[in-house]
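One-letter residues, chain by chain:
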There are 2 protein chains.
Amino acid sequence: MDWEEQLSQAGWRITTPRRVVMQVLEQAARPLSPQEIHARGHRLHRSLGLVSVYRALAALERAGLVRRVHREDRCNSYVLASPGHHHLLLCRRCGRTVEFPGTEDLSSLIAQVEQQTGFRVEDHLLQLVGLCAPCRNL
Amino acid sequence: MDWEEQLSQAGWRITTPRRVVMQVLEQAARPLSPQEIHARGHRLHRSLGLVSVYRALAALERAGLVRRVHREDRCNSYVLASPGHHHLLLCRRCGRTVEFPGTEDLSSLIAQVEQQTGFRVEDHLLQLVGLCAPCRNL
DNA sequence: ATGTATGCAAACGATTTGCAGGCGA
DNA sequence: TCGCCTGCAAATCGTTTGCATACAT
């Protein structure tokens, strides 16, 4: 199932701004802010408005096609999201992003925390930051 | 070592706004935004300015006394931080926050990811979200 | 005494909303 | 055709900065 189908099945229309945002993110080598997406998308579709980028990102995020990236300072950048549950690994130097699966590695930690705290854990936010292989040698 | 000593040793002065922010966070049952901290702190210290809350939070965060909380939407709330490395567990209903240690539970996951990706992992962001024991029964 | 920290006002930047028209299904 | 979606302008919200004064050390 490609992303257009997935977006459509989630009840959203396939429109030019959404296509442009997806195309920009597909070609991006790192997480991009709405402004950056707009700047790049504007070259592909002259009449693209910044507001539409925000609204496209909201729709795409709700459909599970893009994911917001959290950093210590700004949390307003986006990357493409693969289907299923993934975590993000970011290079702090070049911004490169790698996804890795999944929930399994956390399950024993979660079980332990649930037992100790009485919480029922429903979701989690995990992101690793480091240096990618090329950047390690600079 | 109490927090004033810790702040002082980090090279910051002990001032009324910083004391008020710490006092508000000590009494808080959940993460608070700068605006919320200001509203509560203003009752304790009438001349407290919102700007000073922002600057106090920046100082306290750099000194390791408070920690920013990341949520799917807003990432601008703060909680008291215990010394050392901890992760956060949030109740999605009442906002209650619990810390749990540490790095150890992630070390095998991190080693695995490093091997698979070539990254050197330096830091991580982990937050769990769920329902605390009281809220589970509502 | 010295330089940091404060409070205010204003600047600033990011995100959201109202609205009239356009386009996807 | 119908209603979601777009682009624009303006409103809104959170955060930062400039500056004169006050306070911690």
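A short tour of the structure in this document, coming up. (Residues numbered from 1 in each chain as written. Chains lettered and ligands numbered in written order. Predicted model: local features only at pLDDT ≥ 70, side-chain atom pairs only at ≥ 80, totals over all residues. Heavy atoms only, no water.)

Points about the overall build of chain A
Secondary structure assignment for chain A yields six helices and five strands. Each helix (α) and strand (β) of chain A, taken in turn from the N terminus, gives the series α-α-α-α-β-β-β-β-α-β-α. By its C-alpha atoms, chain A is 55 × 45 × 30 Å across when sized along the principal axes. Considering chain A as a whole, with its 138 residues, one finds that 40% of them fall into the buried category. Contacts spanning at least 24 positions in sequence make up 45% of the contacts within chain A whose residues lie at least 6 apart. Summing over all exposed atoms, chain A offers an accessible surface of approximately 7,500 Å²; the carbon and sulfur share of this is 45%. In chain A, 18 side chains carry a positive charge and 14 a negative one; their mean positions are 11 Å apart. (Helix = DSSP H or I, 4+ residues; strand = E, 2+ residues; numbered from the N terminus. Buried < 20%, exposed > 50% of the residue type's maximum accessible area, 1.4 Å probe, protein only. Contact = heavy atoms within 4.5 Å. Areas by Shrake-Rupley, 256 points an atom, 1.4 Å probe, with all protein chains shown as cover. Lys, Arg positive; Asp, Glu negative; His and termini not counted. Charge placed at Lys NZ, Arg CZ, Asp CG, Glu CD.)

Section: the protein's contact with DNA strand D
The full set close to DNA strand D counts 21 residues, and R13, T15, S52 and R55 of chain A together with Y54 of chain B are the nearest of them. The sugar-phosphate portion of DNA strand D accounts for 66% of its atoms within 4 Å of the protein, the bases making up the rest. In the environment of DNA strand D, a base nitrogen lies 2.8 Å from a nitrogen or oxygen atom belonging to the side chain of R13 of chain A. Take R18 of chain A: an N or O atom from its side chain is 3.0 Å from a phosphate oxygen of DNA strand D. Where the surface near DNA strand D is concerned, the elements lending two or more residues are α2 (16-27) and α4 (50-62) of chain A together with α3 (34-44) and α4 (50-62) of chain B. For the surface near DNA strand D, the leading source of residues is α4 of chain B, giving four residues. (Near = heavy atom within 4 Å. Polar contact = N/O pair within 3.5 Å; in protein donor to acceptor, adjacent residues only side chain to side chain.)

Brief notes about the sheet that holds strand β3 (residues 86-91) of chain A
Pairing within the open sheet is mixed, and its six strands lie in the order β4(A)-β3(A)-β5(A)-β5(B)-β3(B)-β4(B). Each edge of the open sheet carries a strand with a single partner, namely β4 (97-101) of chain A together with β4 (97-100) of chain B. Adjacent strand axes in the sheet meet at a mean angle of 25 degrees when their direction is disregarded. Relative to strand β5 (residues 120-131) of chain A, β3 of chain A is paired through four bridges, and the arrangement is parallel. For C91 of chain A, the partnering residue across the bridge sits in β5 of chain A and is G130 of chain A. The sheet contacts of helix α5 (residues 107-117) of chain A involve β5 of chain A together with β3 (87-91), β4 and β5 (120-131) of chain B, and relative to β5 of chain A the element is tilted by about 130 degrees. Those strands touched by helix α5 (residues 107-117) of chain B are β3, β4 and β5 of chain A together with β5 of chain B, and its axis lies near 130 degrees from that of β5 of chain B. (Pairing = 2+ DSSP bridges. Axes fitted to C-alpha atoms, helices over the stretch in contact; angles between N-to-C directions.)

So, the pairing of β5 of chain A
Relative to β5 of chain B, β5 of chain A runs antiparallel, the two sharing 11 bridges. Within β5 of chain B, the position partnered with L128 of chain A by the bridge is H124 of chain B.

Side note on the interface of chain B and chain A
The interface of chain B with chain A comprises 37 residues on the first partner and 37 residues on the second. For the pair chain B and chain A, the summed buried area comes to about 3,300 Å², and 61% of that belongs to carbon and sulfur atoms. Sorting the residues of chain B by area buried against chain A places L109, F119 and L125 of chain B first, and these three jointly supply 19% of that buried surface. Taken together, the connections running from chain B to chain A amount to two salt bridges. The closest approach of N and O atoms between E122 of chain B and R92 of chain A, which form a salt bridge, is 2.4 Å. Looking at the side of chain B that touches chain A, the elements with two or more residues in it are β3, β4, α5, β5 and α6 (133-136) of chain B. Along the lines of polarity and charge, the residues of the side of chain B that touches chain A split into 19 nonpolar, seven polar and 11 charged. (Buried area = accessible area lost by both parts, 1.4 Å probe. Salt bridge = Lys/Arg side-chain N within 4 Å of Asp/Glu carboxyl O. Nonpolar A, V, L, I, M, F, W, Y, C, P; charged D, E, K, R; others polar.)

Focus on the protein's contact with DNA strand C
By nearness alone, 21 residues border DNA strand C, and Y54 of chain A together with R13, T15, S52 and R55 of chain B come closest of all. At the protein interface, 63% of the atoms of DNA strand C within 4 Å belong to sugar or phosphate. Between a phosphate oxygen of DNA strand C and a main-chain N or O atom of I14 of chain A, the distance comes to 2.9 Å. Measuring from a phosphate oxygen of DNA strand C, one finds a backbone N or O atom of G49 of chain B at 3.4 Å. If you list the elements that add at least two residues to the surface near DNA strand C, you get α3 (34-44) and α4 of chain A together with α2 (16-27) and α4 of chain B. Classifying every residue of the surface near DNA strand C gives nine nonpolar, seven polar and five charged.

So, α4 of chain A
Residue and element names in this part refer to chain A. Between its first and last C-alpha, α4 extends 19 Å over 13 residues, near the 18 Å set by a 1.5 Å rise per residue. Taken together, the buried positions of α4 are V53, A56, L57, A59 and L60. Viewed end-on, α4 has its buried residues packed into an arc of 165 degrees, placing them on one side of the element. Away from the buried face of α4 by more than 90 degrees, exposed residues R55 and R62 are located. In this structure, the buried residues of α4 make contact with α1 (3-9), α2, α3, β1 (66-69) and β2 (77-80). Count one or two residues on from α4 and you reach G64, which has phi positive near 80 degrees. (Expected span 1.5 Å × (residues − 1). Arc of directions from axis to C-beta.)

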